[in-house]
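Structural characterization, general
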Amino acid sequence: MSDPRSRLLLVRHGQTDHNVQGRLQGQVDIPLNETGREQARAVAHALSRHSFDLVISSPLTRARDTARAIADAVGAAEVETEAAFIEQSFGKWEGLTGEEIHEGWPELHAQWRAGRTVPGIGIEDRESVGERFAVAARTLMAENPGATILVVSHGAAIRAGITTLIGLDASAFHGIGGMGNCHRSLLEPLHSDPTGKAMRLLSHNVPADFA
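In this text, all values refer to a predicted model and were calculated from it rather than measured experimentally.

About the cut-offs
Residues numbered from 1 in each chain as written. Predicted model: local features only at pLDDT ≥ 70, side-chain atom pairs only at ≥ 80, totals over all residues. Heavy atoms only, no water. Helix = DSSP H or I, 4+ residues; strand = E, 2+ residues; numbered from the N terminus. Rg over C-alpha atoms; globule rule 2.2 N^0.38 Å. Contact = heavy atoms within 4.5 Å. Areas by Shrake-Rupley, 256 points an atom, 1.4 Å probe, with all protein chains shown as cover. Lys, Arg positive; Asp, Glu negative; His and termini not counted. Charge placed at Lys NZ, Arg CZ, Asp CG, Glu CD. Buried < 20%, exposed > 50% of the residue type's maximum accessible area, 1.4 Å probe, protein only. Pairing = 2+ DSSP bridges. Salt bridge = Lys/Arg side-chain N within 4 Å of Asp/Glu carboxyl O. Axes fitted to C-alpha atoms, helices over the stretch in contact; angles between N-to-C directions. Parallel < 35°, antiparallel > 145°, perpendicular 65-115°, else oblique. Nonpolar A, V, L, I, M, F, W, Y, C, P; charged D, E, K, R; others polar. Core = buried A, V, L, I, M, F, W, Y, C linked by side-chain atoms within 4.5 Å. 1 Å grid on protein atoms, 1.4 Å probe; cavity = no way out; pocket = protein on both sides within 12 Å on 5 of 7 lines; lining within 4 Å. Points joined across faces, edges and corners; volume = space filled by probe spheres on them.

Structural notes on the overall build of the protein
- When helices and strands are tallied, the protein shows seven helices and six strands.
- The N-to-C order of helical and strand elements in the protein reads β-α-α-β-α-β-α-α-α-β-α-β-β.
- For the protein, whose C-alpha radius of gyration is 17 Å, the value lies close to the compact-globule estimate of 17 Å for 211 residues.
- Taking contacts inside the protein between residues at least 6 apart in sequence as the whole, the part at least 24 apart equals 71%.
- Carbon and sulfur atoms make up 49% of the accessible area of the protein, which totals about 9,800 Å².
- The positive charge centre, built from 20 side chains, and the negative charge centre, built from 26, are 3 Å apart in the protein.

Shown next, in the form of structure tokens:
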């Protein structure tokens with residue numbers, strides 16, 4: 001079981017042009033835009049008074065660049081990457097807007113919006129996303145007892161990961177609010193859980209001061 005002082009801070013990457021245009025990014029490697037770089041500097045400044053034992057990032061550029069800004073601010077020499085924290089894959093829909101998806105696949109789009117499984121598109125199952133995210137987070141906590149760990153990841157991956165980490169079924173995904181760019185959520189181990197796997201959500205979708 002993880003040490004009671006352990007903390008896991010999850011940060012979503014800064015803004016990209018795909019975010020502005022309402023396009024599904026998924027695992028396409030889209031860089032931060034200028035606003036996103038400013039957001040990364042803002043959250044880095046907000047966290048600069050804190051120390052982190054590990055700074056981990058999704059391998060995608062938008063997450064790595066956000067993590068690097070934070071690492072520089074908190075004096076962390078290294079940003080490690082972990083593939084399990086990559087964004088959910090949206091298959092054939094990556095790079096498309098909601099309107100484009102609705103026009104091309106109206107019935108499947110409606111199913112997806114209702115939270116149901118969509119066949120034939122190659123969308124990664126939310127339960128699988130949550131499980132890979134949670135397994136990686138639990139492993140980090142177990143291997144680094146008492147550590148404060150910062151993970152920079154993506155909106156859908158973080159929501160799915162939190163859902164699993166706090167012991168909810170994947171169908172409860174929509175009960176976890178979305179994450180703004182460079183917003184953060186904090187979790188700690190739930191020591192009353194006999195399995196040692198569950199965590200408690202202490203804060204969610206907290207913004208940096210972007211002023």
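Having put the structure on the table, let's press on.
Comments concerning the pairing of strand 4 (residues 148-153)
- Extensive coverage of strand 4 is indicated by the burial of five of its six residues.
- Of the strand pairs in this sheet, strand 1 (residues 7-12) and strand 4 are connected by six bridges, and their pairing is parallel. The partner of R7 across the bridge, within strand 4, is T148.
- Looking at chain direction, strand 2 (residues 54-57) and strand 4 are connected through four bridges and run parallel.

Section: the pattern of salt bridges
- Counted under the stated rule, the structure contains seven salt bridges.
- A salt bridge links R23 to E100, with the nearest nitrogen and oxygen atoms 3.2 Å apart. Note that R23 is positioned in the loop between helix 1 (17-21) and helix 2 (34-47) and E100 in helix 4 (residues 98-104), a separation of 77 residues in sequence.
- The class of E100 is partly exposed, set by a relative accessible area of 32%.
- Each of R7, E188 and R200 takes part in salt bridges that share partners, so that together they form one network.

Observations concerning the packing of helix 6 (residues 126-143) against helix 7 (residues 155-165)
- In contact at an axis separation of 7 Å, helix 6 and helix 7 are set at 70 degrees when each is read in the N-to-C sense. Classified by the angle their axes make, helix 6 and helix 7 are roughly perpendicular. Mapping the contact onto sequence places R126, V129, G130, E131, F133, A134, A137 and R138 in helix 6 and A157, I158, A160, G161, T164 and L165 in helix 7.
- Of the residues assigned to the contact of helix 6 with helix 7, the class counts are eight nonpolar, three polar and three charged.

A look at the sheet that holds strand 6 (residues 199-206)
- Spatially, six strands are ordered 3-2-4-1-5-6 in an open sheet, and the strand pairing comes out mixed. One side of each edge strand has no neighbouring strand; the edge strands of this open sheet are strand 3 (80-81) and strand 6.
- Sheet strands in contact with helix 3 (residues 61-74) are strand 1, strand 2, strand 3 and strand 4, and its direction is about 145 degrees off that of strand 4.
- Sheet strands touched by helix 7: strand 1, strand 4, strand 5 (184-189) and strand 6. Its angle to strand 1, the strand with the most contacts, is close to 155 degrees.

Section: the nonpolar core
- Counting residues in hydrophobic clusters, the biggest one holds 26 residues, and the most contacted among them are L8, L10, I149 and V151.
- For this core, the secondary-structure elements that each account for two or more residues are strand 1, strand 2, helix 6, strand 4 and helix 7.
- Here the element with the most residues in this core is helix 6; it accounts for seven residues.
- Excluding residues within four positions of it along the chain, I149 makes contact with R7, L8, L9, F52, L54, I56, L140, M141 and N144.

Digging into the environment of S153
- For S153, the location among the structural elements is in strand 4.
- Considering only alpha carbons, one finds S153 and S57, 96 residues apart in sequence, at a separation of 6.2 Å.
- Residues within four places of S153 in sequence aside, it is in contact with V11, R12, H13, S58, A63, F85, F133 and I158.

A short note on the layout of surface pockets
- Its boundaries defined by the atoms lining it, the largest pocket holds a volume of some 660 Å³.
- In terms of lining, the largest pocket is formed by 28 residues, of which the most central are L24, F90, W112, A156 and R159.
- Put simply, the parts of the chain that give the lining of the largest pocket at least two residues each are helix 4, helix 5 (106-113) and helix 7.
- The class makeup of the residues in the lining of the largest pocket is eight nonpolar, 13 polar and seven charged.
- Looking at the second largest pocket, it is lined by 15 residues, and the ones nearest its centre are G115, R116, T117, D125 and R126.
- The residue makeup of the lining of the second largest pocket, split by class, is five nonpolar, five polar and five charged.

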